Amino acid sequence: MPESFDCVVRGGRVATAVDEFDADIGIKDGVIVAIGRSLPAGASEIDARGRLVLPGGIDAHAHIEQLSAAGIVNADTFESATTSAAFGGTTTVICFAAQHRGMNLLTVVGDYMALARKGAVVDYTFHMILTDPTEATLKEHVPALVAQGHSTLKVFMTYDLLNVGDEKLLDILLAARQNKALVCVHAENHGMISWMSKRLVEKGYTAPKYHTISHPRGSEAEAINRLITFAELIDQPIMIFHVSTAEGVATIRQARGRGLKVFAETCPQYLFMTAGDLDKPGLEGAKWMCSPPPRTQADQEAIWQGLALGDLQTVTSDHAPYAFDATGKLSAGPNPTFKQIANGLPGIEARLPLLFDAMVSKGRLGVQKFVELTATAPAKIYNLQPRKGSIAIGADADIVVWDRERTVTLADGLLHDRTGYTPYAGRTLTGWPETVLRRGVAIVRAGHITAKAGSGAFLPRSGGAAATPLNRPTADMDPARNFGALLC
Ligand SMILES: [Zn+2]
């Protein structure tokens, strides 16, 4: 044991993804160096008596200071989004470096790195969005960037300006396999969504609520099934983003049952909202518009079941903040159709309190599963372990002291992002992050943040175990069974 601690978090009830126990936590140089009873005094002390002490949250899906294909910048900067994350108990974010068509991926990643370096107050790492998988992108830029610690590729199967189409999706899966990168996918059937959208708008059904109808529920499971079929052909691990339907969960469960390396996440909007939330007068429903859209209560139950069984491993925010004004949701003028309204919700701060209320305070699946879904599992899947994701000797001292008695009624303007509204306004939650430590420093305390812009650290990472292929080629790709064709 070191002779002195920089900080001791004293007397709390500590929970990890597997255990719960009373202990003090001793911190030195930003790292947890002791977990024990009656530790000697630290240079600073945090009184955690009567409190729950949990690992800092990891939000593996957050759009920050990102330019949309339509040219709209979201409402947050790195500083505002990560400040909001910290207030909500999240100490690591995985955000996006978004290539649009015609852009050089090296430049794109460099630009987003510079923004994060300047503004982030929590630690960060990136998923690289590929919309233009040229030969140079896949053969030169992706290998160079993976070597620099950018080891996930994100692909869209829908949106006019983002989706890559089936053949290029296969190219990207193969490039990922060759570079030991994970592939994350927005899986919805583009043709079904375009076709439904056109019919709805033509017939005058333009209100925000029809956005939910324009993404027919079958479009998700169809795309997930197609994606899994492609990934199996290439023998490439995949992560399916923001699962919204019972059929989507079932398709994933079946693939995992066959032993395929398929990971999946969902988001609070699919656990706590339904399509009915968009049914508001005028354009108000735009505040609840995201893609895929929220579905039904039966879907919520199926997704909870998927989380309980491990078919879905993480809950992320998919934070995509657009203000409810001409800079964001209403950028197409005062009378837009649902097709002209930016998709996305703020959620980087509310994610953990919403889940804590449901899982810990109300008891659904319990505190260990809460820690697993929000910190430990994303750390494992995105290869941030053992540095992040748990309370353990040698891990970064990213620690959140939760006041489990405190009740907060969410309201527009209460949270710290710059969207200006929360889709959860009016909900009363029990349990709130009180003190947030990032690498041993209390960056949020008594409702104030002390972290300086740019004090977040970049977390370079390789693909790790999750991105390692099964080495189970299909017959079509296996030279021993495809008449000797060498295809990989
Ligand atoms: Zn997203």
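Summarised in this report is the structure supplied together with it. (Residues numbered from 1 in each chain as written. Predicted model: local features only at pLDDT ≥ 70, side-chain atom pairs only at ≥ 80, totals over all residues. Heavy atoms only, no water.)

1. Thoughts on the packing of helix H11 (residues 351–361) against helix H12 (residues 366–381)
Stated precisely, the cut-off is as follows: Angles run from 0 to 180 degrees between N-to-C directions of axes, and those axes are lines fitted to C-alpha atoms, restricted for helices to the stretch in contact. Secondary structure elements follow DSSP: runs of H or I no shorter than four residues count as helices, runs of E no shorter than two count as strands, and numbering proceeds from the N terminus. Between 65 and 115 degrees an angle is taken as roughly perpendicular, under 35 as roughly parallel, over 145 as roughly antiparallel, and anywhere else as oblique. Crossing handedness is defined as follows: a turn of the near helix away from the far one that is anticlockwise and smaller than a right angle gives a left-handed crossing, while the clockwise case is right-handed. Only heavy atoms enter the contact rule, under which two residues are in contact if any of them lie within 4.5 Å. Each residue gets one label: Ala, Val, Leu, Ile, Met, Phe, Trp, Tyr, Cys and Pro are nonpolar, Asp, Glu, Lys and Arg are charged, and the others, such as Gly, are polar.
For the pair H11 and H12, the least separation of the axes is 9 Å and the interaxial angle reads 150°. By the angle between their directions, the pair H11 and H12 is classed as roughly antiparallel. As H11 packs across H12, the resulting crossing turns out to be right-handed. Seen from H11, the contacting residues are Arg351, Leu352, Leu355, Phe356, Met359 and Val360; seen from H12, they are Gly366, Val367, Lys369, Phe370, Leu373 and Thr374. Residue classes in the contact of H11 with H12 are distributed as eight nonpolar, two polar and two charged.

2. What about the coordination of the zinc ion?
The cut-off we apply is this: Donors, by definition, are the N, O and S atoms found within 2.8 Å of a metal, the threshold being 3.2 Å for Na, K and Ca, and water is not counted, so a site can look incomplete. To sort residues, take the accessible area from a 1.4 Å probe on protein chains only and compare it with the maximum for the residue type: under 20% means buried, over 50% means exposed, and anything in between is partly exposed.
Within the protein, His61 (NE2), His63 (NE2) and Asp318 (OD) serve as the donor atoms for the zinc ion, at 2.0 to 2.1 Å. Taken in chain order, the donor set of the zinc ion reads H-x1-H-x254-D. Comparing His61 with His63, the two get one shared label, buried.

3. What to know about the packing of helix H8 (residues 246–257) against helix H10 (residues 297–309)
At a minimum axis separation of 8 Å, H8 and H10 run at an interaxial angle of 25°. For the element pair H8 / H10, the angle class is roughly parallel. The handedness of the crossing between H8 and H10 comes out as left-handed. Of H10, the residues touching H8 (which contributes Ala246, Glu247, Val249 and Arg253) are Asp299, Ala302, Ile303, Gln305, Gly306 and Leu309.

4. As for H12
Put simply, the test is: Given the number of residues in a helix, its expected span is that number minus one, multiplied by 1.5 Å. Throughout, the bend at a residue refers to the angle made by two axes, fitted to the seven residues ending there and to the seven starting there.
Between its first and last C-alpha, H12 extends 21 Å over 16 residues, near the 22 Å set by a 1.5 Å rise per residue. Residue Glu372 marks the point of greatest curvature in H12, where the axis turns by about 50°. When you tally the buried positions in H12, you get 13 out of 16 residues, the bulk of the element. Positive phi shows up at Asn383, right after H12, with a value of about 55°.

5. Looking at the state of the cysteines
As a reminder, the rule being used: The definition used for a disulfide is geometric: two cysteine sulfur atoms within 2.5 Å.
The tally for this structure, following the rule as stated, stands at zero disulfides. Among the cysteines around Cys184, which has no disulfide bond, Cys267 carries the closest sulfur, lying 12 Å off. Distance from the sulfur of Cys267, which forms no disulfide, to the nearest cysteine sulfur (Cys290) is 7.9 Å. The buried category is assigned to Cys267, whose relative accessible area is 0%.

6. Details of the side chain of His319
What counts is decided by this rule: Polar contacts, as counted here, are pairs of nitrogen or oxygen atoms within 3.5 Å of one another; within protein the pair requires one atom able to donate a hydrogen and one able to accept it, and residues that are adjacent in sequence qualify only if both atoms are side-chain atoms.
Position of His319 relative to the elements: it lies in the loop between strand S13 (314–315) and H11. Polar side-chain contacts of His319 include one of 2.9 Å to the backbone nitrogen of Gly347. From its side chain, His319 meets the backbone nitrogen of Ile348 in a polar contact 3.2 Å long. What His319 contacts, discounting residues up to four positions off in sequence, is His61, Ala62, His63, Asp76, Ala81, Leu345, Pro346, Gly347, Ile348 and Asp417.

7. Structural notes on the pattern of salt bridges
Which entries qualify depends on this criterion: Salt bridge, as used here, is a side-chain nitrogen of Lys or Arg placed within 4 Å of a carboxyl oxygen of Asp or Glu.
Inspection of the entire model under this criterion finds 30 salt bridges. Between Glu135 and Lys139 there is a salt bridge; the shortest N-O distance is 3.7 Å. With Glu135 and Lys139 both in helix H3 (residues 135–147) and four residues apart, the pair spans about one turn of that helix. Judged by its relative accessible area of 60%, Lys139 falls in the exposed class. With a closest N to O distance of 2.9 Å, Arg226 and Glu222 form a salt bridge. Remark: Glu222 and Arg226 occur in helix H7 (residues 218–234); sequence separation between them is four residues, near one turn of the helix. Here the salt bridges do not stand alone but share partners, grouping Asp123, Arg387, Lys388, Asp396, Asp398 and Arg439 into one network.

8. Here's the deal with the environment of Leu429
With respect to the secondary-structure elements, Leu429 resides in strand S15 (residues 428–438). The class for Leu429 is buried, based on a relative accessible area of 2%. In sequence terms Leu429 and Arg406 are 23 residues apart; their C-alpha atoms lie 8.3 Å from each other. Beyond its immediate chain neighbours, meaning those up to four positions away, Leu429 contacts Pro353, Leu354, Asp357, Arg406, Thr407, Val408 and Leu410.

9. Quick look at the sheet that holds strand S10 (residues 182–186)
Applied cut-off: Two strands pair under a simple rule: DSSP has to find at least two bridges between them.
Taken together, eight strands build an open sheet; the order of strands is S6-S7-S8-S9-S10-S11-S12-S13 and the sheet is parallel. Each edge of the sheet is formed by a strand with only one pairing partner; in this case those strands are strand S6 (57–59) and S13. Running at roughly 155° to strand S12 (residues 262–266), H8 makes contact with strand S11 (238–240) and S12 of the sheet.

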